[in-house]
Amino acid sequence: MSIFRLAHLSDLHLPPPKGAFGWRDLLSKRLLSRIAWRRKHREHRPEVLAAVIADLKAHAPDHIAITGDLTNYASLAEYEAARVWLEALGPAREITVSPGNHDALVNARDGESFAAWTPWLGDDGAATFPQVRVRDGVALFNLCSAVPTAPHLATGRLGQAQLDRLDALLADPAYRDAFRVLLIHHPPVPGAVAKRKSLEDQDALRALLARHGADLVLHGHAHEAMVSTAPGPDGATIPVLGVPSASALGERGHPAARWHGIEIDRQAQGGVEVKLVARGLDPRTGQTGELGRCVLVQAGRPAIQRA
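One structure accompanies this document, and this report is about it. Within every chain, residues take consecutive numbers counted from 1 along the sequence as written. With pLDDT at 70 or above as the cut-off, local features in this predicted model cover only qualifying residues; side-chain atom pairs require 80 or more to be listed or tallied, and sums for whole chains, interfaces and linings still use all residues. Think of the side-chain values as coming from all heavy atoms in the structure, minus any hydrogens and water.

Observations concerning the pattern of salt bridges
So, step 1. By salt bridge we mean one thing: a side-chain nitrogen of Lys or Arg within 4 Å of a carboxyl oxygen of Asp or Glu. Inspection of every chain in the model, using the stated rule, returns 11 salt bridges.
So, step 2. The salt bridge involving Arg 157 is made with Glu 200; its shortest N-O contact spans 3.1 Å. Of the two residues, Arg 157 sits in the loop between strand E5 (138-142) and helix H5 (160-171) while Glu 200 sits in the loop between strand E6 (179-183) and helix H6 (202-212), which places them 43 residues apart along the sequence.
So, step 3. Between buried and exposed lies partly exposed: a residue is buried under 20% and exposed over 50% of the maximum accessible area for its type, with that area taken using a 1.4 Å probe on protein chains only. What makes Arg 157 partly exposed here is its relative accessible area of 35%.
So, step 4. A relative accessible area of 47% means that Glu 200 is categorised as partly exposed.
So, step 5. Among the salt bridges present, the one from Glu 290 reaches Arg 293, with a minimum N-O distance of 2.9 Å.
So, step 6. Exposure remark for Glu 290: the relative accessible area of 40% places this residue in the partly exposed category.
So, step 7. Arg 293 sits in the partly exposed class, given a relative accessible area of 38%.
So, step 8. Here the residues in one salt-bridge network are Glu 80, Arg 83 and Glu 87, joined through shared partners. Secondary structure elements follow DSSP: runs of H or I no shorter than four residues count as helices, runs of E no shorter than two count as strands, and numbering proceeds from the N terminus.

Things to note about empty space enclosed by the protein
So, step 1. Of the grid points, spaced at 1 Å and generated over the protein atoms alone, those admitting a 1.4 Å probe that cannot get out make up cavities, while open sets with protein on both sides within 12 Å along at least five of seven lines make up pockets; any residue with an atom within 4 Å of a point is treated as lining. Grid points are joined across faces, edges and corners, and a volume is the space filled by probe spheres set on the points. Applying the stated criterion across every chain, the model contains 1 cavity of 30 Å³ or more.
So, step 2. Considered as a void within the structure, the largest cavity measures approximately 40 Å³ in volume.
So, step 3. What lines the largest cavity is Leu 14, Pro 15, Pro 16, Pro 17, Leu 70, Thr 71, Glu 78, Ala 81 and Ala 82.
So, step 4. Tallied by class, the residues present in the lining of the largest cavity amount to 7 nonpolar, 1 polar and 1 charged. Note on residue categories: nonpolar means Ala, Val, Leu, Ile, Met, Phe, Trp, Tyr, Cys or Pro, charged means Asp, Glu, Lys or Arg, and polar means any other residue, Gly included.

Re the environment of Lys 57
So, step 1. Tracing the backbone shows Lys 57 in helix H2 (residues 46-58).
So, step 2. Owing to a relative accessible area of 43%, Lys 57 belongs among the partly exposed residues under this scheme.
So, step 3. Put simply, Lys 57 and Gly 90 are 33 residues apart on the chain and 9.3 Å apart in space, counted from C-alpha to C-alpha.
So, step 4. Contacts between residues were defined by any pair of non-hydrogen atoms, one from each residue, lying within 4.5 Å. Setting aside anything within four residues of it in sequence, one finds Lys 57 in contact with Ala 88 and Leu 89.

Side note on the pairing of E5
So, step 1. The element E5 is largely enclosed, with a buried count of 5 among its 5 residues.
So, step 2. Pairing of strand E4 (residues 131-135) with E5 involves 5 bridges; the strand directions are antiparallel. Each residue of the ladder has a partner; that of Val 134, found in E5, is Ala 139.
So, step 3. In textbook terms, the turn of a hairpin is the stretch between consecutive antiparallel strands, and for E4 and E5 this stretch comprises 2 residues, one of which, Asp 136, has a positive phi near 55°. Between any two strands, pairing holds if DSSP finds at least two bridges.

Here we look at the pairing of strand E8 (residues 226-231)
In regular strands, side chains alternate between the two faces of the sheet.
So, step 1. Along E8, the buried face is formed by Met 226, Ser 228 and Ala 230; none of Val 227, Thr 229 and Pro 231, which line the opposite face, is buried.
So, step 2. Inspection of the sheet shows E8 paired to strand E9 (residues 237-242) by 6 bridges, in the antiparallel sense. When the bridges of E9 are listed, Pro 231 appears paired with Thr 237.
So, step 3. Counting the residues that bridge the hairpin from E8 to E9 gives 5 residues, and of these Asp 234 lies at a positive phi of roughly 55°.

What to know about the nonpolar core
So, step 1. The biggest cluster of nonpolar side chains holds 34 residues, and the ones touching the most others in it are Leu 9, Ile 66, Leu 70, Leu 86, Val 97, Phe 114 and Trp 117.
So, step 2. Looking at this core, the elements that each hand over two or more residues are strand E1 (3-9), H2, strand E2 (63-66), helix H3 (76-89), strand E3 (95-97) and helix H4 (118-121).
So, step 3. Apart from residues no more than four positions distant in its own chain, Leu 9 is found in contact with Ile 53, Leu 56, Ile 64, Ala 65, Ile 66, Thr 67, Val 243, Ala 246 and Trp 259.
So, step 4. Judged by nonpolar contacts, the second largest core, of 27 residues, contains Val 132, Ala 139, Phe 141 and Val 240. Among buried residues, the Ala, Val, Leu, Ile, Met, Phe, Trp, Tyr and Cys ones that are joined through side-chain atoms within 4.5 Å form a nonpolar core.

Regarding unusual backbone geometry
So, step 1. Of note, the bond from Phe 129 into Pro 130 is cis; its omega dihedral lies within 30 degrees of zero at -5°.
So, step 2. Residue placement: Pro 130 occurs in the loop between H4 and E4.
So, step 3. Phi at Asp 11 takes a positive value of approximately 50°, unusual for a residue other than glycine.
So, step 4. Asp 11 sits in the buried class, given a relative accessible area of 0%.

And the structure:
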């Protein structure tokens, strides 16, 4: 059987275009984000992101998963700029976007939130969650933990309706034989980030995973390379993988930009092997290259070891 190559990147923080911030935003949370961007723009560099994307494209993945924070203020101008950027990245059916907290910074009017991104959210043409996209035996369950929050908070929440729908989808026999990957911005791992940045209903999500199982969870938000696990059924564990920002220069205490290549090898004898290849910017040379590799899953079980 063929190997499915899934590329994972996150926290792009594309530069805000002209018109992304207006005088009406002076009384909203966007003002705090604008102040923060005056500092962060030195770290999140478009030329760094361009180098990472060129490296990613050179390896021709079968699908690209982006786990949020394409924008900074969640303005209509940014949604549109991100749409143009996504169109240049590749065909929408080969790219899935799970929104991040910066993509839902403030309450949006009906129909505005992520409407420009519907081709990249799923296959049904709607900005609703969760959605499932099946590609060559791999089922991508796209979740949205992005919700508006009070100033100085960056928490996420799935909400009961989304959790109920995910409960039904994970139990659906249609996906029983697929390799099931969950995409979410906030890490569903206790202590992965500070409480003010955490996923509020992570216990409920972890309970669903413990009941129904999954094969892999991908997230962003922490701006760190993270490999952890979540409990699955019957004492099994599910690998949970986070990736640093794809645009970070690496000079503010976080890792430099990188992307993860995930090779899912569903072998003819029924076993599964999943390898992770980390690639990205080497701050010492300014060049992109391989940063390391490991085995995530071997013979259907987590195997966090060097390849």
